[in-house]
Amino acid sequence: MNFLIRGFNHCHALLTGLGVTLRYLVTPKMTQEYPEKPGPLEPRYRGRHTQRRYENGLERCVGCSLCAIYCPAYAIFVEAEENDPENPVSPGERHAKTYEIDMLRCIYCGLCEEACPEDAIQLSYQPGDPDDPDDIKARYELANYERPQRFLFDKEMLLEPLTEKMKAKRARELEDSKKSKEEVD
Ligand code: SF4
Ligand code: SF4
């Protein structure tokens, strides 16, 4: 009797397994042809850090170093500099002359993002072209064979690209402020 029950259980397991195989034979394939065609990133993806700009292109970062203080991995280095009033880099009194993140230390905890009073540093879905595979890969492919140089992300690597739209908005703002000064004079 036990022999029959065991045989039945084995056949049942075998047929269940075959059923799964047959079901996947007729369902659409999920294979992603990475790295030729990287998969899409979800809108809430949090990955590579970005230093953000305002809509007028000014840098959000004011060099306050709060992110560096809160970082549990001591991965951030900030060196602030006074803004030139005629040609400011950020809306504050100061901006970050140097901003570096050591990606080998970073544990992607997001505390830098939480600490930042200007919403400047963000673990983000970096702005770019969502249809460009190379652009998408650049956002999450952080592995590299050249250490440590390639893992020390400086401001140039982190800063959001300055778009034509931002430049135009800044130019309009400067023009408006020039006009209002002339009216006052
Ligand atoms: S994500 Fe965390 S570990 Fe990485 S730089 Fe920010 S605070 Fe530091
Ligand atoms: S990223 Fe934010 S917290 Fe860090 S220095 Fe800049 S403004 Fe301060």
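In the block above lies the structure referred to throughout.
Residues numbered from 1 in each chain as written. Chains lettered and ligands numbered in written order. Predicted model: local features only at pLDDT ≥ 70, side-chain atom pairs only at ≥ 80, totals over all residues.

A.B. asks: What am I meant to see in the site of ligand 2 here?
C.D. replies: Taken together, 14 residues lie around ligand 2, and C61, C64, L66, C67 and C116 are the ones closest in. Split into classes, the residues belonging to the shell around ligand 2 amount to 11 nonpolar, two polar and one charged. (Near = placed C-beta within 6 Å. Nonpolar A, V, L, I, M, F, W, Y, C, P; charged D, E, K, R; others polar.)

A.B. asks: Got a minute to help me understand the nonpolar core in this structure?
C.D. replies: Note on soluble globular proteins: their nonpolar side chains tend to be buried together. Judged by nonpolar contacts, the single largest core of 17 residues is most densely connected at C67, I76, I101 and C112. Elements that contribute at least two residues to this core include exactly β2 (76–82) and β3 (94–102). Of the residues forming this core, the biggest block, three residues, is contributed by β3. Leave out the neighbours within four places in its chain, and C112 touches C67, Y70, C71, I76 and I121. (Core = buried A, V, L, I, M, F, W, Y, C linked by C-beta atoms within 7 Å. Buried ≥ 20, exposed ≤ 12 C-beta atoms within 10 Å, placed from the backbone. Helix = DSSP H or I, 4+ residues; strand = E, 2+ residues; numbered from the N terminus. Contact = placed C-beta atoms within 7 Å.)

A.B. asks: Help me out: how do you make sense of the site of ligand 1 in this one?
C.D. replies: Not every one of the 13 residues close to ligand 1 is listed here, only the nearest: C71, C106, C109, L111 and C112. By residue class, the composition of the shell around ligand 1 is 12 nonpolar, one polar and no charged.

A.B. asks: Where do I start with the pairing of β3 in this structure?
C.D. replies: Successive residues of a regular strand alternate their side chains across the two faces of the sheet. In this structure, β2 lies alongside β3, joined through seven bridges in antiparallel fashion. Across the sheet, E81 pairs through a bridge with H95, a residue of β3. Taken together, the two bridges between β3 and strand β5 (residues 152–153) define a ladder with antiparallel strand orientation. Across the sheet, I101 pairs through a bridge with F153, a residue of β5. (Pairing = 2+ DSSP bridges.)

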